[in-house]
Amino acid sequence: MKLISLKNIYKTYPNGVTALADVNLEIAKGEFVFIIGPTGCGKSTLMKLLYREEKPTRGNVIVGGINVERLRNRKVYKLRRKLGIIFQNYRLLPKQTAYENVAFPLSVSGMKDSEIRPKVLKALELVGLKEKVKCFPDELSGGEQQRVCIARAIVNEPKLLLCDEPTGNLDPRVSKEIMDVIDSINKKLGTTIIMVTHDAQIVNRMKKRVISINNGVITNDIMKGKYKENESN
Amino acid sequence: MKAIRIFLRSFREAFKSVFRNFSLSVASVTCTAITLVLVSIAILVSYNVNHVTKKLENELTIVVYLEREATSEQAQNLKGEFEKISNVEEVTYKSKEEWKFEMMNYSPTLNSTLSYLSENPLLDSYIVKVKNVKYLRKTAEKIRKFEIVRSAEFGEGTVERIVSIFETVKKITLVIVIALVLVTAFLINNTIKLTIFSRRSEIEIMRLVGTSNYAIKLPFIFEGLFLGIIGSIIPIILTVYGYIIAYSKLDGHLFSKMVSLVKPFSLVLYVSIVLVIIGALVGVIGSYKAVRKYLKV
Ligand SMILES: Nc1ncnc2c1ncn2[C@@H]1O[C@H](COP(=O)(O)OP(=O)(O)O)[C@@H](O)[C@H]1O
Ligand SMILES: [Mg+2]
């Protein structure tokens, strides 16, 4: 069953830059997809369309049955609660502990503390960070901060996890650990993963579906792909 | 239930974040406090000006002298007629004997002159108080039309000039109060904008993890409310103590007994309430507007 469907997507920013042109894409539930391509080719723009940070200039974006481009601004939060997002630059609340950061999406939606607690602890356990629950972000390493972000992204048990260069700031060893966490989320929870990355090593090792973008156009979409194959194309 | 939890959480978070963002809180509280002190002074001054003009206006009366041959019955009727005039508030009779007595007490020269005369040369009169001093002249003109009225005097010219000065002073103080309230609103608005600008990444994260606009706005609105109320505390203390001390030091009046000040208790209470309301409103509206800007895509 497909979870995501993009049809004839065009995105031109107000400054005239066309970031995506005629993108068509379908992603099934439970898939693990890499999106690769040179800097500025439109990868982040594609992700932003999925979580409705940007609207397409033309075309349809459907995520989990929601017609994203038609979603009212007031209702965007409903989409966001169904997906998790992680970034290269973590984006944690600096004045809140790891626990509070992970609990944040639940507490702002008005969930009871007694319901929040088990969910947060479960998510923190899944990312292997149960020991550092009380630490503030600046007391954690980059890899640990990213684990907190992942825990925050999955605490709602979303169907979809969007990752925009999650290992961009991490060294290879820590990157691998993070990839293992994400992979286990995909396998254990059945969460669909879409990951933008520059890391050829990761892409080659994981042997997942790889979508290459160049200049706003999808140039390649290969099952069990590799970084090199795509580049030679 | 959910809405209540979001409400309570917002309240708690707003309270915490006043302290977490301490320096910005201090900045906006200071700014609020300074402008509210000015607002308070302006309100106190304008209230006292109003008070004094009211008092002075109360002393502006029409003195109506009756013809010498008027009978007491005619005089009695006339009082009823005066009271029918819409602008007339109160009519009191003052006989020529009362006038004579008053004048004899006034100066020794008058005293000897009046006692030298065998007959009282003065006239019986009515003192007419009006409701609105602006129409003093019109009322006097109406009174003059009655037959047994010899004259109706109200200090033409001088009185009218005084009345028009009062009107101008009232208008000016009102304009100053309104202008200061607007300046306060503008200044506080800007500091709050700064506070929220510094936290746009926090708002972005809230949006990212699926916080409804309502749940994003609420903590900021509470925060604006808290900052506004805290910002009004110092001005209120200054108002209460400042005015009470000034009032007792000046013994309740400025320059002369004519210019008496408003008694402190109810005025100070009233100004305090106004200051809290201005602080709270400006804080709430300011942060609501500032946060709304970051909720658009
Ligand atoms: N908000 C924006 N306004 C204008 N241009 C943008 C904006 N975001 C991205 N772009 C432009 O769109 C193109 C694609 O950007 P992006 O999707 O961020 O690329 P990538 O993530 O692949 O590096 C770039 O040329 C970039 O400069
Ligand atoms: Mg990017």
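Residues numbered from 1 in each chain as written. Chains lettered and ligands numbered in written order. Predicted model: local features only at pLDDT ≥ 70, side-chain atom pairs only at ≥ 80, totals over all residues. Heavy atoms only, no water.

Remarks on the overall build of chain B
Link 1 in the chain: Secondary structure assignment for chain B yields 10 helices and six strands.
Link 2 in the chain: If you line up chain B on its principal axes, its C-alpha atoms span 100 × 40 × 35 Å.
Link 3 in the chain: Here chain B holds 297 residues, and 44% of them are scored as buried.
Link 4 in the chain: Counting contacts in chain B only where the partners sit at least 6 residues apart, residues at least 24 apart contribute 82% of the total.
Link 5 in the chain: When the accessible area of chain B is evaluated, it comes to approximately 16800 Å², of which 66% is carbon and sulfur surface.
Link 6 in the chain: Counting 38 positive and 25 negative side-chain charges, chain B places the averaged centre of each group 20 Å from the other. (Helix = DSSP H or I, 4+ residues; strand = E, 2+ residues; numbered from the N terminus. Buried < 20%, exposed > 50% of the residue type's maximum accessible area, 1.4 Å probe, protein only. Contact = heavy atoms within 4.5 Å. Areas by Shrake-Rupley, 256 points an atom, 1.4 Å probe, with all protein chains shown as cover. Lys, Arg positive; Asp, Glu negative; His and termini not counted. Charge placed at Lys NZ, Arg CZ, Asp CG, Glu CD.)

Describing the pattern of salt bridges
Link 1 in the chain: Counted under the stated rule, the structure contains 24 salt bridges over all chains.
Link 2 in the chain: One salt bridge in this structure joins A:Arg80 and A:Glu53, with 3.0 Å as the shortest N-O distance. Separated by 27 residues along the polypeptide, A:Arg80 in helix α2 (residues 76-80) and A:Glu53 in the loop between α1 (43-50) and β4 (58-63) bring together distant segments of the chain.
Link 3 in the chain: Residue classification places A:Arg80 among the buried residues on the basis of a relative accessible area of 0%.
Link 4 in the chain: A salt bridge links B:Glu13 to B:Lys16; its shortest N-O distance comes to 3.2 Å. Remark: B:Lys16 and B:Glu13 occur in helix α1 (residues 2-20); sequence separation between them is three residues, near one turn of the helix.
Link 5 in the chain: Beyond isolated ion pairs, a larger network of salt bridges with shared partners links A:Glu31, A:Arg209 and A:Asp221. (Salt bridge = Lys/Arg side-chain N within 4 Å of Asp/Glu carboxyl O.)

What about the site of ligand 1?
Residue and element names in this part refer to chain A.
Link 1 in the chain: Residues in close proximity to ligand 1 include Tyr13, Asn15, Val17, Ala19, Pro38, Thr39, Gly40, Cys41, Gly42, Lys43, Ser44 and Thr45, which together make up its full environment.
Link 2 in the chain: A distance of 3.4 Å separates a nitrogen atom of ligand 1 from a polar side-chain atom of Asn15.
Link 3 in the chain: At a separation of 2.7 Å, an oxygen atom of ligand 1 approaches a polar backbone atom of Gly40.
Link 4 in the chain: When ligand 1 sits alone it has 560 Å² of accessible area, and the protein chains cover 67% of it.
Link 5 in the chain: No other element matches α1, which puts three residues into the shell around ligand 1.
Link 6 in the chain: For the shell around ligand 1, the per-class residue count stands at five nonpolar, six polar and one charged. (Near = heavy atom within 4 Å. Polar contact = N/O pair within 3.5 Å; in protein donor to acceptor, adjacent residues only side chain to side chain. Nonpolar A, V, L, I, M, F, W, Y, C, P; charged D, E, K, R; others polar.)

A closer look at the confidence of the model for chain B
Residue and element names in this part refer to chain B.
Link 1 in the chain: Predicted confidence across chain B gives a mean pLDDT of 86, with 98% of residues reaching 70 or more.
Link 2 in the chain: Element-level pLDDT for chain B is lowest in strand β5 (residues 253-254), with a mean of 75, against a maximum mean of 92 in helix α9 (residues 213-249).
Link 3 in the chain: In the predicted complex, the global pTM is 0.77; the interface-specific ipTM is 0.87. (pLDDT = per-residue confidence, 0-100.)

Topic: the environment of A:Thr12
Residue and element names in this part refer to chain A.
Link 1 in the chain: By secondary structure assignment, the location of Thr12 is in strand β1 (residues 2-12).
Link 2 in the chain: As for Thr12 and Pro56, which are separated by 44 residues in sequence, their C-alpha atoms are 7.8 Å apart.
Link 3 in the chain: Every residue in contact with Thr12, bar those within four places of it in the chain, is listed here: Val17, Thr18 and Thr57.
Link 4 in the chain: Reaching out from Thr12, the side chain makes a polar contact with the side chain of Thr18 at a distance of 3.2 Å.

Quick look at the sheet that holds strand β2 (residues 18-28) of chain A
Note: strands within a sheet are paired through backbone hydrogen bonds, in either parallel or antiparallel orientation.
All names here are of chain A.
Link 1 in the chain: Strand order in the open sheet made by the four strands is β2-β1-β4-β5, with antiparallel pairing throughout. Lying at the two open borders of the sheet, with one neighbouring strand each, are β2 and β5 (66-67).
Link 2 in the chain: Here β1 pairs with β2 via seven bridges, running antiparallel. Within β2, the residue paired with Ile9 across the bridge is Val23. (Pairing = 2+ DSSP bridges.)

Let's talk about the domain arrangement of chain A
Residue and element names in this part refer to chain A.
Link 1 in the chain: Once the domains are mapped, chain A shows domain 1 (1-82 + 160-225) and domain 2 (90-157).
Link 2 in the chain: Computed over C-alpha atoms, the centres of domain 1 and domain 2 are 23 Å apart.
Link 3 in the chain: Listed as interface residues are 13 residues of domain 1 and, on the opposing side, 12 residues of domain 2.
Link 4 in the chain: For the pair domain 1 and domain 2, the two sides together bury roughly 1100 Å², of which 70% comes from carbon and sulfur.
Link 5 in the chain: When the area that domain 1 buries against domain 2 is broken down by residue, the three leading residues are Arg81, Ile178 and Val181, summing to 38%.
Link 6 in the chain: Applying the counting rule to domain 1 against domain 2 returns one salt bridge. (Domains from an automatic or database assignment. Buried area = accessible area lost by both parts, 1.4 Å probe.)

Structural notes on the packing of helix α2 (residues 22-58) of chain B against helix α7 (residues 158-197) of chain B
Residues and elements named next belong to chain B.
Link 1 in the chain: Between α2 and α7, whose axes approach to 9 Å, the crossing angle comes to 170 degrees. Classified by the angle their axes make, α2 and α7 are roughly antiparallel.
Link 2 in the chain: In the contact of α2 with α7, the residues fall into 19 nonpolar, 10 polar and two charged. (Axes fitted to C-alpha atoms, helices over the stretch in contact; angles between N-to-C directions. Parallel < 35°, antiparallel > 145°, perpendicular 65-115°, else oblique.)

Observations concerning the interface of chain B and chain A
Link 1 in the chain: Contact with chain B, which involves 22 residues of that partner, is made by 26 residues of chain A.
Link 2 in the chain: Taken over both partners, the interface formed by chain B and chain A buries close to 2200 Å², and the fraction arising from carbon and sulfur atoms is 54%.
Link 3 in the chain: Together, B:Ile205, B:Leu208 and B:Val209 form the three largest contributors to the area buried by chain B at its contact with chain A, with a combined 28%.
Link 4 in the chain: If you look at where chain B meets chain A, you find one salt bridge.
Link 5 in the chain: Of the charged contacts, one joins B:Glu204 and A:Arg91 as a salt bridge, the two residues approaching to 2.9 Å between their closest N and O atoms.
Link 6 in the chain: Summed over the shared surface of chain B and chain A, the number is eight residue pairs in polar contact (both at pLDDT 80 or more).
Link 7 in the chain: When residues of the side of chain B that touches chain A are traced back to their parent elements, those giving at least two are α1, α8 (200-208) and α9 of chain B.

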